[in-house]
Amino acid sequence: MPIATPEVYNEMLDRAKAGKFAYPAINVTSTQTLHAALRGFAEAESDGIIQISTGGAEFLGGQYSKDMVTGSVALAEFAHIVAEKYPVTVALHTDHCPKDKLDGYVRPLLAVSEERVKAGRNPLFQSHMWDGSAETLADNLAIAQELLARAAAAKIILEVEITPTGGEEDGVSHEINDSLYTTVDDAVRTVEALGLGEKGRYLLAASFGNVHGVYKPGNVVLRPDLLKELNEGVAAKYGKPAGSQPFDFVFHGGSGSTAEEIATALDNGVVKMNLDTDTQYAFTRPVADHMFKNYDGVLKVDGEVGSKKTYDPRTWGKLAEAGMAARVVEATQHLRSAGQKIK
């Protein structure tokens, strides 16, 4: 079952938490980047998560209409077919969705899965993300309650971001300041609104200094040890055993993170880590290399005809796929998911 059923997705997350590893969640924007992600997972013998952001969905919808729902549904249906050829299991997820795009993205996609479940089928996507980090926490959690109820009914897991991730992604931006650190009070308020699984399972994108985009190690102050404080604070308040980890955490803005920071995050309950910036570069870098080395073949220089074999998109597209797949393999190694696929 290359595309995880709801039951298998829950098993994947449970295995990650128990084994202290995380799944790379790879943003894709095309059938080719989808194949690159699947290939990387297969080569690493790692299960994983494929995700589509609002900007990615808009791109997939075509530049004529830019319809996010059409684009994301089309790629998800494509993934359900082609993933059968890869010996790993993957879950389909939608990335950051702010309030002003809920009605044009997540809510319609929930409706698609609701109809599928009513017909006795599995949901199209296995999880969706609600990014209310630009709202007050009260408003954020009120919307999260509504979405969690719908998601749970459709056998879908909800991801919530309760406090900001710095930097910019798909037009949503936050300053890099002290608000990038979730507090125990924030975590407790989240549990008061969403429960600890009894209302539906959710993933928590807590902030510990995370920043989207490109940065060098040391330029951002990450505190992955903060995740331990959040788990301990909630566990103590709700009478959970010492050392328990109530939350399934998500690591956003991981580009440039050190191996030590990633390891600490995994030990403290991170089960999913988003990758976009690094895989974008890994996909594009071989294309740039090809173009620079073969400029007189890809261009009709000085009235010549160029070389069809050189500018054929399949030629440089294969290089791009291989480059991105290799970066996905590297991610699985960093996150300890390599070799952990469900047998």
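See the structure shown above.
Quick caveat, the model's predicted, so the values are computed rather than measured.

Caption draft 1: Looking closely at the overall build of the chain. Per the secondary structure count, the chain includes 13 helices and ten strands. Expected size for 343 residues packed as a compact globule is a radius of gyration near 20 Å; at 20 Å, the chain falls within 12% of this value. Along the longest, intermediate and shortest principal axes, the C-alpha atoms of the chain span 75 × 50 × 40 Å. Residues classed as buried in the chain amount to 53% of the 343 residues present. Counting contacts in the chain only where the partners sit at least 6 residues apart, residues at least 24 apart contribute 74% of the total. Counting 34 positive and 46 negative side-chain charges, the chain places the averaged centre of each group 6 Å from the other.

Caption draft 2: View of the packing of helix H5 (residues 106-118) against helix H6 (residues 137-153). Taken N-terminus to C-terminus, the directions of H5 and H6 make an angle of 25°; their axes are 9 Å apart at the nearest point. When the axes of H5 and H6 are compared, the pair comes out roughly parallel. Between H5 and H6 lies a crossing of left-handed hand. Of the residues in H6, those touching H5 at Val106, Arg107, Leu110, Ala111, Glu114 and Val117 are Ile143, Glu146, Leu147, Arg150, Ala151 and Ala153. Of the residues assigned to the contact of H5 with H6, the class counts are eight nonpolar, no polar and four charged.

Caption draft 3: Up close: H5. Its 13 residues give H5 an end-to-end C-alpha distance of 18 Å, which sits within 8% of 18 Å, the value for a rise of 1.5 Å per residue. Buried within H5 are the following residues: Val106, Leu109, Leu110, Ser113, Arg116 and Val117. The buried residues of H5 occupy one face: seen down the axis, they fall within an arc of 120°. Looking at the buried residues of H5, the elements they touch are helix H4 (68-82), strand S3 (90-94), strand S4 (127-131) and H6. Positive phi appears at Gly120, one or two residues downstream of H5, with a value of about 85°.

Caption draft 4: Main features of the side chain of Asp248. Positionally, Asp248 belongs in the loop between helix H8 (226-237) and strand S9 (249-251). Overall, Asp248 belongs to the buried group, its relative accessible area being 7%. Reaching out from Asp248, the side chain makes a polar contact with the side chain of Lys17 at a distance of 3.1 Å.

Calculation notes
Residues numbered from 1 in each chain as written. Predicted model: local features only at pLDDT ≥ 70, side-chain atom pairs only at ≥ 80, totals over all residues. Heavy atoms only, no water. Helix = DSSP H or I, 4+ residues; strand = E, 2+ residues; numbered from the N terminus. Rg over C-alpha atoms; globule rule 2.2 N^0.38 Å. Buried < 20%, exposed > 50% of the residue type's maximum accessible area, 1.4 Å probe, protein only. Contact = heavy atoms within 4.5 Å. Lys, Arg positive; Asp, Glu negative; His and termini not counted. Charge placed at Lys NZ, Arg CZ, Asp CG, Glu CD. Axes fitted to C-alpha atoms, helices over the stretch in contact; angles between N-to-C directions. Parallel < 35°, antiparallel > 145°, perpendicular 65-115°, else oblique. Left-handed = near helix turned anticlockwise from the far one by under 90°. Nonpolar A, V, L, I, M, F, W, Y, C, P; charged D, E, K, R; others polar. Expected span 1.5 Å × (residues − 1). Arc of directions from axis to C-beta. Polar contact = N/O pair within 3.5 Å; in protein donor to acceptor, adjacent residues only side chain to side chain.

Keep in mind these values describe shape, not function.
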